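Single-letter residue listing:
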Amino acid sequence: MAFRQKHLLGIEPLHPDEITALLDVADRYVDLSRQPNKHSDALKGLTQINMFFENSTRTQSSFELAGKRLGADVMNMAMQASSIKKGETLIDTALTLNAMHPDLLVVRHPHSGAVDLLAQKVNCAVLNAGDGRHEHPTQALLDALTIRRAKGRLHRLNIAICGDIAHSRVARSNLMLLGKMENRVRLVGPPTLVPQQFREFGCEIYDDMAEGLKDVDVVMMLRLQKERMDGGFIPSEREYFYRYGLDADKLAHAKPDAIVMHPGPMNRGVEIDGTIADDINRSVIQEQVEMGVAVRMAAMDLLARNLRTDREANKGVMV
Ligand code: ASP
């Protein structure tokens, strides 16, 4: 089955076969990115605009690199300095940009649902680079590619996602993706940060790291999303690290070949011990960054193919 989406707004609408198709294309882009000449012309002639209304290091730079490797004209909007600051609404900004005929719009926004709204107003493919605590689809896809390459498969694995689940779009997108691919997911963290309603995703919930990590294949650690917290969710960072921070003792409960993941940015000594993060025999955190570029190349390539097909079908009329 081909990848049929017009936008990449979340993992929720994706069929498992579409996920597999995208990861297969991404595998090829990993190979290309390891060559001295990293260029392809999959996006040649197309315009990609990146709009980040929230700070980003990895995601923004990897979308930029991905677009450039595929030959697109890439523009980064300086959102801090944009007209939004002068009171322009998100929709007006979108309509202004739309008039410049972009083909791919990459958007990060602090409000859940803002990217979906924007996608309804423009005539191009929109990629969600993270909206509030809702979804971060390319993060889940790059995590999936990292797991598939490290474990040789992406099904029937036991995976623990640990930490601040409540405020995390990474957790939500991963839960959906890993569930669609028939893995068993556990959520591990203090009850204040792991709401019981997450059971609706079909996962088990633990508030004890030793139990939650027992015999898992993958340990995914998350950052405390302080910028999205409106109160005290943990007694202190010190105590949080003692109970929920990943160190060698806690990791010993997982399978001996379990891999350790983190989407970044990492807070060493809060959710993860620096020596675990740097242990190249266990940590795949740097691989995640590498896979991020390849997954974003694949996502933009596939969306651009659909965009071209739609435009062809509409006889050159912009859709
Ligand atoms: N970089 C990820 C995100 O944008 C994770 C994080 O910020 O903790 O959601």
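Residues numbered from 1 in each chain as written. Predicted model: local features only at pLDDT ≥ 70, side-chain atom pairs only at ≥ 80, totals over all residues. Heavy atoms only, no water.

1. Some points on the UniProt feature "binding site: L-aspartate" (unreviewed entry) in the protein
The following threshold applies: UniProt positions are given in the numbering used here, feature names are shortened, and annotations may be inferred rather than shown by experiment. In the cavity and pocket records, a cavity denotes points on a 1 Å grid over the protein atoms alone where a 1.4 Å probe fits but cannot get out, a pocket denotes an open set with protein on both sides within 12 Å along at least 5 of 7 lines, and lining residues are residues with an atom within 4 Å of a point. Elements are defined by DSSP. Helices are runs of H or I of four residues or more, strands are runs of E of two residues or more, and each kind is numbered from the N terminus. Each residue gets one of three labels from its accessible area relative to the maximum for its type: buried under 20%, exposed over 50%, partly exposed in between, using a 1.4 Å probe on protein chains only. Two N or O atoms form a polar contact when they lie within 3.5 Å of each other; inside protein one atom must be a possible hydrogen donor and the other a possible acceptor, and for residues adjacent in sequence the pair counts only when both atoms belong to side chains.
According to UniProt, the "binding site: L-aspartate" (unreviewed entry) feature falls on Lys86, Arg169 and Arg223. Checking the named residues against the largest pocket, the ones that line it are Arg169 and Arg223. Following the sequence through the fold, Arg169 ends up in helix α6 (residues 169-180). Here Arg169 falls in the buried class, since its relative accessible area comes to 7%. A polar contact is formed between the side chain of Arg169 and the backbone oxygen of Gly132, at a distance of 3.1 Å.

2. A few points about the site of the ligand
Which entries qualify depends on this criterion: Throughout this document, a residue counts as near a molecule or strand when at least one of its heavy atoms sits within 4 Å of that molecule or strand. Using a 1.4 Å probe, the Shrake-Rupley method yields the accessible areas, and only the shown protein chains count as cover for residues. Throughout, a molecule is located in a cavity or pocket provided that more than half of its atoms lie within 2 Å of its grid points.
Taken together, Arg108, His136, Arg169, Val170, Arg223, Gln225, Gly264 and Pro265 form the complete shell of residues around the ligand. Contacts to the ligand include Arg223, whose side-chain N or O atom sits 2.7 Å from an oxygen atom. Separating an oxygen atom of the ligand from a side-chain N or O atom of Gln225 is a distance of 2.7 Å. Relative to its free-state accessible area of 260 Å², the ligand is covered by the protein chains to the extent of 92%. The cavity where the ligand resides is the largest pocket.

3. Concerning the pattern of salt bridges
Worth spelling out the cut-off: We define a salt bridge as a side-chain nitrogen of Lys or Arg found within 4 Å of a carboxyl oxygen belonging to Asp or Glu.
Evaluation of the coordinates by the stated rule reveals 18 salt bridges. Residue Arg148 is joined to Asp27 by a salt bridge in which the shortest nitrogen-to-oxygen separation is 2.9 Å. Of this pair, Arg148 sits in helix α5 (residues 137-151) while Asp27 sits in helix α1 (residues 16-33), and the two are 121 residues apart along the sequence. Given the relative accessible area of 18%, Arg148 is considered buried. Several salt bridges share partner residues, and in doing so they unite Glu54, Arg169, Arg223, Glu227 and Arg228 into one network.

4. A look at the UniProt feature "domain: Aspartate/ornithine carbamoyltransferase Asp/Orn-binding" (unreviewed entry) in the protein
In the numbering used here, UniProt assigns the feature "domain: Aspartate/ornithine carbamoyltransferase Asp/Orn-binding" (unreviewed entry) to residues 157-302. Between the C-alpha atoms that bound residues 157-302 the distance is 27 Å, and the span itself is 34% helix and 14% strand.

5. Points about the environment of Leu154
With respect to the element layout, Leu154 can be found in the loop between α5 and β5 (158-162). By relative accessible area, Leu154 is classed as buried at 6%. On a C-alpha basis, the gap between Leu154 and Met181 in space is 6.6 Å, while along the polypeptide they are 27 residues apart.

6. So, the packing of aromatic side chains
Put simply, the rule is: Stacked, tilted and edge-to-face pairs are distinguished by plane angle, under 30 degrees for stacked and over 60 for edge-to-face with tilted covering the rest, among Phe, Tyr and Trp rings (Trp via its six-membered ring) whose centres lie within 6.5 Å. Only lysine NZ and arginine CZ atoms are considered, and such an atom sits over a ring when it is within 6 Å of the ring centre and within 35 degrees of the ring normal.
One pass over the full model with this rule turns up two aromatic pairs. A ring pair is formed by Tyr240 and Tyr244, whose centres lie 5.6 Å apart and whose planes are at 40°; its orientation type is tilted. On the criterion of helical spacing, the pair formed by Tyr240 and Tyr244 is a turn pair, its members being four residues apart in helix α8 (residues 237-244). An identical accessibility class is assigned to Tyr240 and Tyr244; each is buried. Lying over the aromatic face of Phe241, Lys250 brings its terminal NZ or CZ to 5.8 Å of the ring centre.

7. A short note on unusual backbone geometry
Between Gly264 and the following residue, Pro265, the backbone shows a cis peptide bond with an omega angle of -5°. Note that Pro265 resides in the loop between β9 (259-261) and α10 (274-277). One non-glycine residue, Asp215, lies in the positive phi region at around 60°. Within the element layout of this structure, Asp215 appears in the loop between α7 (209-212) and β8 (218-221).

8. What about the nonpolar core?
Heads up, the rule is: To qualify as a nonpolar core, a set must consist of buried Ala, Val, Leu, Ile, Met, Phe, Trp, Tyr and Cys residues joined through side-chain atoms within 4.5 Å. Residue contacts are counted whenever heavy atoms from the two residues lie within 4.5 Å of one another.
Residues Tyr29, Leu127, Leu141, Ile147, Ile161, Leu177 and Leu187 are the most contacted members of the largest nonpolar core, which totals 66 residues. The greatest single-element share of this core, amounting to 11 residues, is contributed by helix α11 (residues 285-313). Beyond its immediate stretch of four places on either side in the chain, Tyr29 contacts Ser40, Ala42, Leu70, Ala294, Met297, Ala298 and Asp301. Formed by 25 residues, the second largest nonpolar core is a distinct cluster that contains Leu193, Val216, Leu224 and Val260.

9. What to know about the layout of surface pockets
One simple way to see leftover space: roll a probe sized like a water molecule over the atoms. What counts here: Grid points are joined across faces, edges and corners, and a volume is the space filled by probe spheres set on the points.
Considered as a void within the structure, the largest pocket measures approximately 490 Å³ in volume. Around the largest pocket, the lining is made up of 29 residues, and of these Arg58, Thr59, Arg108, Gly264 and Pro265 lie nearest the centre. Broken down by secondary-structure element, the contributors of at least two residues to the lining of the largest pocket are α2 (58-69), α5, α6 and α11.

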